[in-house]
Amino acid sequence: MNAQAGHDTLPVPGGAPIKLWTRGVPVEEAARQQLLNTARLPFIFHHLAVMPDVHLGKGSTIGSVIPTVGAIIPAAVGVDIGCGMMAARTSLTAADLPDNLHALRSAIEAAVPHGKTFGKRDAGAWAEAPAAVDAMWRELVAGFARITQKYPQLERTNNRLHLGTLGTGNHFIEVCIDEAGQVWFMLHSGSRGVGNAIGNLFIELARDDMRQHIQNLPDRDLAYFTEGSRHFDDYVEAVGWAQDFARHNRALMMHNVVAAARRIITKPFVADVEAVNCHHNYVQRETHFGHTIFVTRKGAVA
C-alpha cells in the first residue's frame, strides 16, 4: 500500500482504489472483503474512503464513504436513514449540576419517549402528539404525502407519533462535561419507524429490480438503483425526506431535553452556546473533483 497524507491506498484490481485512514487500527477480514466487493462495483467514483472505526456492517461497511455516479445502493444507507448526533453546549458548568442526578435523568426520561414495548402500545411513541410535534410535522407532511401517494404502504408506519422520540438500540441521551468543565446535552437517533420502513421498502425494491442480475453481485445487499430506472428518483426523494425527519427529530428531542433540565436545574442557563446536528448514515448529491455525484456515508460524517 502507498502511504500518503495520513492514509494508505489499497489498489483494487478491477475496481476503484480504497483509501484507508486506519494506521494502527486492525481491519477485520470480513470488513476488508466487504470493502473490496463495494470498490469493484462499476459506478464507484474515484475512490472509497475508510475511517478508523471501520467494521463489518449490513449492506456496507460501517465507517466508509461511498461515492457513486449514476447509481445508489439503498442498503449502504441502511434502514436507520439519517441516523446521527446532536450536541448543544450550555452556559452551565459541572458545579451547576445537582449532586444527585436522579431527578434530572427522570425529567429527561419523562420528556422524551424511548424504548419499545412489543405487543402493547409502543412505549417509544407519543400517546398523543404535543403541539410542538404537530408544528414540526407540518413542515414534513407535504413531502410525506407525495411519497405515500406512490407507496401507500408507508402510511401505516409510525411517523408523526415517532417525531421527537429516541428509539432503542444504541440511541441515547447524555449529559456530558467537556475538558473545560462546560455542560453539554448530547443525543443520538435517526428517522425512527418511518425511516426504517422506507429503508426496508427500497432495499427490497432494489433486489427485485435486479432479480435477473443479482446473482452477479458479490453480495445481494449491494443491489442498486441506476439513474433513470423506475425507482431511482423515488428513492432519492424518500431518503431525502427521511433525513429531514431525522434532523427534525433530533432538534425536537433536544428542545425537550433542555426544557426538562430547566425544571430541575435552578440556575438560569442558555443551551445554544454551540450546537451541532449532523447525520452519519445518509446519502446526498455533492461535487468532488469537478463532478456532481452521490456520496453515501455509513457511520461517517463530512
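Everything in this summary refers to the structure shown in the same document.

What counts, and where the lines are drawn
Residues numbered from 1 in each chain as written. Predicted model: local features only at pLDDT ≥ 70, side-chain atom pairs only at ≥ 80, totals over all residues. Heavy atoms only, no water. Helix = DSSP H or I, 4+ residues; strand = E, 2+ residues; numbered from the N terminus. Rg over C-alpha atoms; globule rule 2.2 N^0.38 Å. Buried < 20%, exposed > 50% of the residue type's maximum accessible area, 1.4 Å probe, protein only. Contact = heavy atoms within 4.5 Å. Areas by Shrake-Rupley, 256 points an atom, 1.4 Å probe, with all protein chains shown as cover. Pairing = 2+ DSSP bridges. Axes fitted to C-alpha atoms, helices over the stretch in contact; angles between N-to-C directions. Phe/Tyr/Trp six-rings, centres within 6.5 Å; stacked < 30°, edge-to-face > 60°. Arc of directions from axis to C-beta. Salt bridge = Lys/Arg side-chain N within 4 Å of Asp/Glu carboxyl O. Parallel < 35°, antiparallel > 145°, perpendicular 65-115°, else oblique. Left-handed = near helix turned anticlockwise from the far one by under 90°. Nonpolar A, V, L, I, M, F, W, Y, C, P; charged D, E, K, R; others polar. Polar contact = N/O pair within 3.5 Å; in protein donor to acceptor, adjacent residues only side chain to side chain.

**Some words on the overall build of the chain**
Within the chain, the secondary structure is distributed over seven helices and 13 strands. The C-alpha atoms of the chain give a radius of gyration of 21 Å, which matches the 19 Å a tight globule of 302 residues would have. If one aligns the C-alpha atoms of the chain with their principal axes, the spans along those axes are about 65 × 50 × 40 Å. Classification of the 302 residues of the chain by burial places 51% in the buried group. Intrachain contacts of the chain at a sequence separation of at least 6 include 69% that bridge at least 24 residues. Counting every atom, the chain has about 14,400 Å² of accessible surface; 54% of that belongs to carbon and sulfur.

**Focus: the sheet that holds strand β11 (residues 274-279)**
If you walk across this open sheet you meet the four strands as β8-β9-β7-β11, and the pairing is antiparallel. The open sheet is flanked by β8 (172-177) and β11, the only strands paired with a single partner. Between one strand and the next, the sheet's axes are offset by a mean angle of 15°, whatever the strand orientation. Sheet topology note: the β8/strand β9 (residues 182-189) ladder contains six bridges and is antiparallel. If you follow Phe172 over to β9, its bridge partner there is His188.

**Topic: the packing of aromatic side chains**
All chains considered together, the criterion is met by 12 aromatic pairs. Ring centres of Trp137 and Phe144 lie 5.5 Å apart, and the angle between their planes is 65°; this geometry places the pair in the edge-to-face category. Phe144 carries the same exposure label as Trp137, and that label is buried. Relative to Tyr235, the ring of Phe202 lies with its centre 5.3 Å away and its plane at 55°, an arrangement referred to as tilted. Taken together, the residues Phe202 in helix α6 (residues 192-209) and Tyr235 in helix α7 (residues 232-264) connect sequence positions 33 residues apart. Judged by relative accessible area, which is 0%, Phe202 ranks as buried. Through pairs of rings, three or more aromatic residues link up here, namely Trp137, Phe144, Trp241 and Phe245.

**Let's talk about helix α3 (residues 102-111)**
Looking at α3, one finds that the buried residues are Leu104, Ala107, Ile108 and Ala111. All buried residues of α3 project into a common sector of 95° when viewed along the axis, lining one side. Facing away from the buried side of α3 by more than 90 degrees, the exposed set consists of His102, Arg105 and Ala110. Elements that come into contact with the buried residues of α3 comprise β8 and α7.

**Things to note about the pattern of salt bridges**
Enumeration over the complete set of coordinates arrives at 12 salt bridges. Its salt-bridge partner being Lys267, residue Asp96 comes within 3.3 Å of it at the nearest N-O pair. Taken as a pair, Asp96 in the loop between β7 (84-93) and α3 and Lys267 in the loop between α7 and β11 lie far apart in primary sequence, 171 residues in all. A salt bridge links Glu286 to Arg297; the shortest N-O distance between them is 2.6 Å. Linking Glu286 in strand β12 (residues 281-288) with Arg297 in strand β13 (residues 291-298), this pair joins segments that are 11 residues apart in sequence.

**Overview of the environment of Phe225**
Mapping Phe225 onto the fold places it in strand β10 (residues 225-226). Put simply, Phe225 and Leu205 are 20 residues apart on the chain and 8.9 Å apart in space, counted from C-alpha to C-alpha.

**A look at the packing of α6 against α7**
The relative placement of two packed helices is expressed as an angle between their axes plus a distance between the axes. Packing of α6 against α7 leaves a shortest axis separation of 9 Å and a crossing angle of 160°. Accordingly, the angle class assigned to the pair α6 and α7 is roughly antiparallel. As α6 runs across α7, the sense of the crossing is left-handed. Judged by residue contacts, Arg192, Val194, Gly195, Ile198 and Phe202 of α6 engage Asp234, Tyr235, Ala238, Trp241, Ala242, Phe245 and Asn249 from α7. For the contact of α6 with α7, the per-class residue count stands at eight nonpolar, two polar and two charged.

**Points about the environment of Lys150**
Position of Lys150 among the secondary structure elements: in helix α5 (residues 141-150). Overall, the relative accessible area of 41% leaves Lys150 in the partly exposed class. The spacing of Lys150 and Asp234 is 84 residues in sequence and 8.5 Å in space, taken between C-alpha atoms. With residues near it in sequence (within four places) discarded, Lys150 still touches Asp234 and Glu237. Within the structure, Lys150 has its side chain in polar contact with the side chain of Glu237 (distance 2.9 Å).

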